[in-house]
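As a plain string of letters, each chain reads:
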Amino acid sequence: ARHFAELAAQRKDARKRRDAFIGEASAQAAARLEEPRDWRAIEHWLRETDHTWRDGDLGSVDKKAWAAFDARYRAAVAPLRDALAAARLEAKAGRQALIDEVTAVAAKAMERDAPSKVKALQAQWQTQAKSFTLPQRDERVLWEKFRAACNAVFDAREAKRSASDTTPCSRTSVSTSA
């Protein structure tokens, strides 16, 4: 009987700790949603909070109580997760727009200002990449497309230059009479 009383006391304490953790997470999520938003810090905080929620020192509760607590926890951090997901979509769209722009420049690769346009787009890519990092699986795919489109511009120009270098010039032979 004493053992079961101790277990009940531990579960009661765990319920209190989890309830307090949810309240604190809700307050932190609301505070982190205020401008200016530091997306890297938000991502880190969500990862750490999830880890503490699952594997932390909050204690265990029965399955029925866990389902209720977990639903409340997810609801508490949902606005922050939604904002992060929206920011990721916006960042992907911005990178895709740069890919589209450099692809349009690739169609006009022989224009005089094409290299400078590509370099300006590369600088914009770097600015966007530094301001908001995407998960590597997404970033890698977008970067490969962007790099291929940039390389297409320079490769087309190089091919044109090589072709003009290898074509024989029509030289007229000048004969000198002595």
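Everything below is about the structure printed above this text.
Residues numbered from 1 in each chain as written. Predicted model: local features only at pLDDT ≥ 70, side-chain atom pairs only at ≥ 80, totals over all residues. Heavy atoms only, no water.

**Describing the packing of aromatic side chains**
Evaluation of the coordinates by the stated rule reveals 8 aromatic pairs. Ring centres of Trp53 and Tyr73 lie 4.6 Å apart, and the angle between their planes is 15 degrees; this geometry places the pair in the stacked category. Of the two residues, Trp53 is situated in helix H2 (residues 39–55) and Tyr73 in helix H3 (residues 63–107); the sequence distance between them amounts to 20 residues. For the pair Trp53 and Tyr73, a shared accessibility class is recorded, and that class is buried. Between Trp143 and Phe146, the ring centres sit 5.8 Å apart and the planes meet at 35 degrees, which makes this aromatic pair tilted. (Phe/Tyr/Trp six-rings, centres within 6.5 Å; stacked < 30°, edge-to-face > 60°. Helix = DSSP H or I, 4+ residues; strand = E, 2+ residues; numbered from the N terminus. Buried < 20%, exposed > 50% of the residue type's maximum accessible area, 1.4 Å probe, protein only.)

**Some remarks on the environment of Lys145**
Topologically, Lys145 is positioned in helix H5 (residues 136–166). In sequence terms Lys145 and Trp125 are 20 residues apart; their C-alpha atoms lie 12 Å from each other. Excluding residues within four positions of it along the chain, Lys145 makes contact with Gln96 and Ile99. (Contact = heavy atoms within 4.5 Å.)

**Comments concerning the packing of H2 against H3**
Following both chains from N to C, one finds H2 and H3 inclined at 165 degrees, their axes separated by 11 Å at the closest point. Comparing the axis directions of H2 and H3 gives the class roughly antiparallel. With respect to the hand of their crossing, H2 and H3 are arranged in left-handed fashion. On H3, the residues that touch Trp39, Ile42, Glu43, Trp45, Leu46, Thr49, Asp50 and Trp53 of H2 are Trp66, Phe69, Asp70, Tyr73, Val77, Leu80, Arg81, Ala83, Leu84, Ala87 and Arg88. A breakdown of the residues in the contact of H2 with H3 according to their chemical character gives 13 nonpolar, 1 polar and 5 charged. (Axes fitted to C-alpha atoms, helices over the stretch in contact; angles between N-to-C directions. Parallel < 35°, antiparallel > 145°, perpendicular 65-115°, else oblique. Left-handed = near helix turned anticlockwise from the far one by under 90°. Nonpolar A, V, L, I, M, F, W, Y, C, P; charged D, E, K, R; others polar.)

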